[in-house]
There are 2 protein chains.
Amino acid sequence: MELDVSTKRPVMLGVVGDSATGKTTLTQGIEQLLGPERVTVICVDDYHKYNRQQRKVVDLTPLHPDCNYMDIMEQHLKLLKEGKPILKPVYNHSRGDFDPPVYIQPAEYVIIDGLLAYYTKEMRDVFDIRLFLDPSEDLRRRWKITRDTTKRGYTEEAVLADLDKREPDSQEFIRPQRAFADTIVRFYPDPNNEGGSDSFLNVKLTMTGNLQHPDFSKVVTRPDGSGGVRLSMGRESGKVAEFVDIFGFITEEKALKLERYIIDELHLTGHNLEEELGQYTAGLVTRRSHPLALTQLFLVYHLLRARNPGAKPGSGPLPVGGFAR
Amino acid sequence: MELDVSTKRPVMLGVVGDSATGKTTLTQGIEQLLGPERVTVICVDDYHKYNRQQRKVVDLTPLHPDCNYMDIMEQHLKLLKEGKPILKPVYNHSRGDFDPPVYIQPAEYVIIDGLLAYYTKEMRDVFDIRLFLDPSEDLRRRWKITRDTTKRGYTEEAVLADLDKREPDSQEFIRPQRAFADTIVRFYPDPNNEGGSDSFLNVKLTMTGNLQHPDFSKVVTRPDGSGGVRLSMGRESGKVAEFVDIFGFITEEKALKLERYIIDELHLTGHNLEEELGQYTAGLVTRRSHPLALTQLFLVYHLLRARNPGAKPGSGPLPVGGFAR
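These figures come from a predicted structure and were not determined experimentally.

**Description of the packing of helix H5 (residues 137-150) of chain B against helix H6 (residues 156-174) of chain B**
Residues and elements named next belong to chain B. As a packed pair, H5 and H6 sit with axes 10 Å apart at the nearest point and diverge in direction by 130°. The pairing of H5 with H6 is recorded here as oblique in orientation. The chirality of how H5 crosses H6 is right-handed. Mapping the contact onto sequence places Glu137, Arg140, Arg141, Lys144, Ile145, Asp148 and Thr149 in H5 and Glu156, Val159, Leu160, Asp162, Leu163, Asp164, Arg166, Glu167 and Ser170 in H6. Residues that form the contact of H5 with H6 fall into these classes: 4 nonpolar, 2 polar and 10 charged.

**Notes on the sheet that holds strand S7 (residues 183-188) of chain A**
All names here are of chain A. The strand order across the open sheet formed by 8 strands is S2-S5-S1-S6-S7-S8-S10-S9, and the pairing between neighbours is mixed. Single-partner strands in this sheet number two, and they are strand S2 (39-43) and strand S9 (229-236). When the angles between neighbouring strand axes are averaged without regard to direction, this sheet yields 20°. Note: S2 against strand S5 (residues 109-114), 5 bridges, orientation parallel. Pairing of Thr40 across the sheet is with Val110, part of S5.

**Let's talk about the interface of chain B and chain A**
The interface is formed by 15 residues belonging to chain B together with 15 residues belonging to chain A. When the area that chain B buries against chain A is broken down by residue, the three leading residues are Gln75(B), Leu87(B) and Tyr103(B), summing to 35%. Counting the contacts that link chain B with chain A gives 0 salt bridges. Ranked by the residues each element gives to the side of chain B that touches chain A, the list is headed by strand S4 (residues 97-104) of chain B, at 5 residues. When grouped by side-chain class, the residues that make up the side of chain B that touches chain A number 11 nonpolar, 1 polar and 3 charged.

**Quick word on the packing of aromatic side chains**
All chains considered together, the criterion is met by 16 aromatic pairs over all chains. Members of the aromatic cluster, joined through ring pairs, are Phe216(A), Tyr261(A) and Phe298(A). Over the face of the ring belonging to Phe243(B) we find Lys204(B), whose NZ or CZ atom lies 5.0 Å from the ring centre.

**Points about the side chain of Asp45(A)**
All names here are of chain A. Tracing the backbone shows Asp45 in the loop between S2 and helix H2 (52-58). Engagement of the side chain of Asp45 in a polar contact is seen with the backbone nitrogen of Leu115, the distance being 2.8 Å. Discounting chain neighbours no more than four positions away, the residues touching Asp45 are Lys23, Asp113, Gly114 and Leu115.

**Observations concerning the side chain of Gln296(B)**
Structurally, Gln296(B) is set in helix H9 (residues 290-307). A distance of 2.7 Å separates a polar side-chain atom of Gln296(B) from the backbone nitrogen of Gly278(B).

Reading the values: the criteria
Residues numbered from 1 in each chain as written. Chains lettered and ligands numbered in written order. Predicted model: local features only at pLDDT ≥ 70, side-chain atom pairs only at ≥ 80, totals over all residues. Heavy atoms only, no water. Axes fitted to C-alpha atoms, helices over the stretch in contact; angles between N-to-C directions. Helix = DSSP H or I, 4+ residues; strand = E, 2+ residues; numbered from the N terminus. Parallel < 35°, antiparallel > 145°, perpendicular 65-115°, else oblique. Left-handed = near helix turned anticlockwise from the far one by under 90°. Contact = heavy atoms within 4.5 Å. Nonpolar A, V, L, I, M, F, W, Y, C, P; charged D, E, K, R; others polar. Pairing = 2+ DSSP bridges. Buried area = accessible area lost by both parts, 1.4 Å probe. Salt bridge = Lys/Arg side-chain N within 4 Å of Asp/Glu carboxyl O. Phe/Tyr/Trp six-rings, centres within 6.5 Å; stacked < 30°, edge-to-face > 60°. Lys NZ or Arg CZ within 6 Å of the ring centre and 35° of its normal. Polar contact = N/O pair within 3.5 Å; in protein donor to acceptor, adjacent residues only side chain to side chain.

Printed below as a string of structure tokens:
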């Protein structure tokens, strides 16, 4: 569905984080929830200056801004924000080289995922919602090894060497972007459940800035975390912040209650909604995670709110047609 | 040389015309004269939607606007006019498919050549100088056969069939753009010298609009054409127009006098200037044509004037550093 530019501009969601922080999993989940025809997903890691061979010569990692056409990335983000089409470059990660560009007309919601999407102020200003994915580093390394050995044909040694090579650039260019996010999502293993399935990961949502959030204090009876959810407030990057910790041990019943709360707040309806929420792939298997489901719902909440910024949380139905599927 | 955007925006020259009308020959000549580092040449025939295979399925010629991303073409023209970089698609005419896009930062002068660059008003408004190439149709067919059989590997039968197939789109989309040009260049064979070398082609320059032109009446002693140049005025597409006909039989001495006149008007200096002027390739041979040389000088005159619109013709040196080579 093309955006009707005569009425509204697209809502822009940024999903930024280092390599293998779960950008694709989260993005695909949101795309499914909103309905793929209402969502345009764009990976800005395709704005490379060099192909794999050339990168070896210039000796830069793809994480370095000098390795990317940052000016074109910024230009394209602005055009999308204005509801205008772009001809997006395509980097083929399997071949390590460029494919022909693709024409993209932004839909109602535009999700931009990538390593460097918050690098300049002009790029940051494009977004309605700025998410940063910040899983614990041991978890990220495990995810990267799993993905790159199963899906991209690398050996574990090669992945580990690559992680080491990229570390200085991760530190200098990727992680500092965390400070510009208004929602930080941190998955981390439960210390009491090391080595368990990713379904039992904990997640910490950190929210700063001007976004209005679902108020879990209305439905969480024990906000100290003993019931599976901890609500607290504090500081993050010098700003006041709200924290929601969702623990992997949360019971099915309590998780569904929270999910239902957000769904009702948004007056959302849809087939199989609860089945689709929180899905992720572990190797070849599709599994579900309640912390992931709740993270997705938080983001969908913000996306739908951004389309109707005047509405007060809980004050009535949002003007959405419900989930498309 | 990158443009210093803090001072000036690039001067934009359009070179539009049907296939095989001499766009590349003219463009390359101007690029050489001004110095390649001061000129960015962009062919907007690369904004195809479909590759050769796909075009057969949709049954559209490359001349049809629906076969091209006209919105992206317009967007990129505007960006270049603002001195901003673009990531330009690249269509590989040999393979009939797309190559990776290329990053282009506009230089001082931007030459846009292509089939459809004046198609929308917003595109036309981008140009400082709008040239249209309109050789006589028999000459164009001859040029197209020569080029496509020697450089693109087609048979003469295939080229002729292609010309027939494209004719309706030429008529509907390409030729009407002539009315938007402020300079029309028409090469045509001398009726008394049919089958002669292209060096002896005649050229008619038609100038309308607000551009200031070199005043040949100061140096042409017999403006009725008997000396090789005819100067006249009339109407073109409903507008008042000035016509300069340069005949292939013009003597070397007279042609050089006219070339020298424009060169002096512009206070141009440069090595081998007169040798480089008017060059074109005939098969594998490089030849020279005085009508082509004078056409190139007219355009260079307009380009340099556009950089300094306040200067009156003949009123003093233009602020140019001379030719770069």
